[in-house]
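So you can see what is in the structure, the chains are spelled out below.
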Amino acid sequence: MVETAFTRLVGCRHPVQLATMGGVSTPALAGAVAGAGGLGMLSGIAAEPVAPSIAAALDAAHGGALGMGFLGPWLDHVLPDFEVAASRLRVVEVFWRDPDPSLVERARSSGEALVAWQVGSVDEARAAVDAGCDFVVAQGVEAGGHVRATTPRAELLDGVLAAVSVPVVTAGGIVAASDVAAALAAGAAAVRVGTRFLATPEADLHPAYLQALLDATSAADTELTTTFGSGWPDAPHRVLASCIAAARGLNGEPAGEVEFAGQSMPVEQYAVSPPTAATRGRIDAMALYAGSGVGLVTHVQPAADVVADLVSRLS
């Protein structure tokens, strides 16, 4: 076990944070990461009440640290959920919105949660600290999913570390123990990991999506694009390159459908949502989010084992 400013602040054993991954992450995954000593993160963007998700994750976490991440463009519509999360969890986090002191104050008045902001630039990190955040997540351009940054992870980390005094979590393309050791040696207080946790039994991934991840061999199999912008245009995101060409070949037809709350809903061409186990249709033409480190994701492991592997080179 390695103690850092992050582990002391959050109260977890390991300097590992699960990325917030809407749709494919689950309370079981967040709970497993928390139970293994990391910071498990729930998604606050699901179109259902957060209280049941929080309860399920708390049951699975066995006293471990849990948080919930919210997307800035939709946060104003789910402020009651934000307040519930701040009242029951260790961390609430915001992404894709200018740091807002009023949101930090709303969290403070709702409970005892720490407040974090995921940022893509040094200026945004400074603004997050000025807004009152307890720590920041500096996301490099290598990240899978939606990408705020335009600079590589290591470069951004150096700049943010020089600019702020709060703990800094580094994110983007981190999948291996060597990545974690190098990040902490460079001054990060923790790492944030997403793609590696997709290849776990706790994630809600369509089998074809999972196989596509396992088949990828390098960062060259990913691409930063704005292709899957239906519902969230002009927001860059990193996906497996193969799904871009497949999606463009749909010629306006829906990619498939997904079961949600007992109803079948269409998955439109270029939909932002990734394919879960309940999705049917052209899975290869849907948003297959993946970070640049995907080539090192070669097998499925329980989330607790992934946490153990990630910290295995720390001493």
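Just above, that's the structure.
Residues numbered from 1 in each chain as written. Predicted model: local features only at pLDDT ≥ 70, side-chain atom pairs only at ≥ 80, totals over all residues. Heavy atoms only, no water.

1. Quick look at the pattern of salt bridges
So, point 1. Using the criterion set out here, one finds 12 salt bridges in the structure.
So, point 2. Between Arg106 and Glu83 there is a salt bridge whose closest N-O contact spans 2.5 Å. Of the two residues, Arg106 is situated in helix α6 (residues 101-110) and Glu83 in helix α5 (residues 79-88); the sequence distance between them amounts to 23 residues.
So, point 3. Its relative accessible area of 30% is what places Arg106 among the partly exposed residues.
So, point 4. Looking at Glu83, the relative accessible area reads 28%, which means it is partly exposed. (Salt bridge = Lys/Arg side-chain N within 4 Å of Asp/Glu carboxyl O. Helix = DSSP H or I, 4+ residues; strand = E, 2+ residues; numbered from the N terminus. Buried < 20%, exposed > 50% of the residue type's maximum accessible area, 1.4 Å probe, protein only.)

2. Here's the deal with unusual backbone geometry
So, point 1. Even without glycine at this site, Asp234 takes up a positive phi of about 60 degrees.
So, point 2. Within the secondary structure, Asp234 is located in the loop between β10 (222-225) and β11 (237-240).
So, point 3. The exposure class of Asp234 is exposed, given its relative accessible area of 69%.
So, point 4. Unusually for a residue other than glycine, Asn251 sits at a positive phi of about 55 degrees.
So, point 5. As for its placement among the helices and strands, Asn251 is situated in the loop between α12 (241-248) and β12 (256-260).
So, point 6. Taking relative accessible area as the criterion, Asn251 reaches 66% and is therefore assigned exposed.

3. Quick word on the sheet that holds β10
So, point 1. In space, the 3 strands of this open sheet follow the order β7-β11-β10, with antiparallel pairing throughout. Edge positions in the sheet fall to β7 (145-146) and β10, since each of these pairs with one other strand and no more.
So, point 2. Examined bridge by bridge, β7 and β11 share 2 bridges and lie antiparallel to one another. Across the sheet, the residue bridging to His146 is His237, located in β11.
So, point 3. Each of β10 and β11 is contacted by α12, which is oriented at about 90 degrees to β11, the strand it contacts most. (Pairing = 2+ DSSP bridges. Contact = heavy atoms within 4.5 Å. Axes fitted to C-alpha atoms, helices over the stretch in contact; angles between N-to-C directions.)

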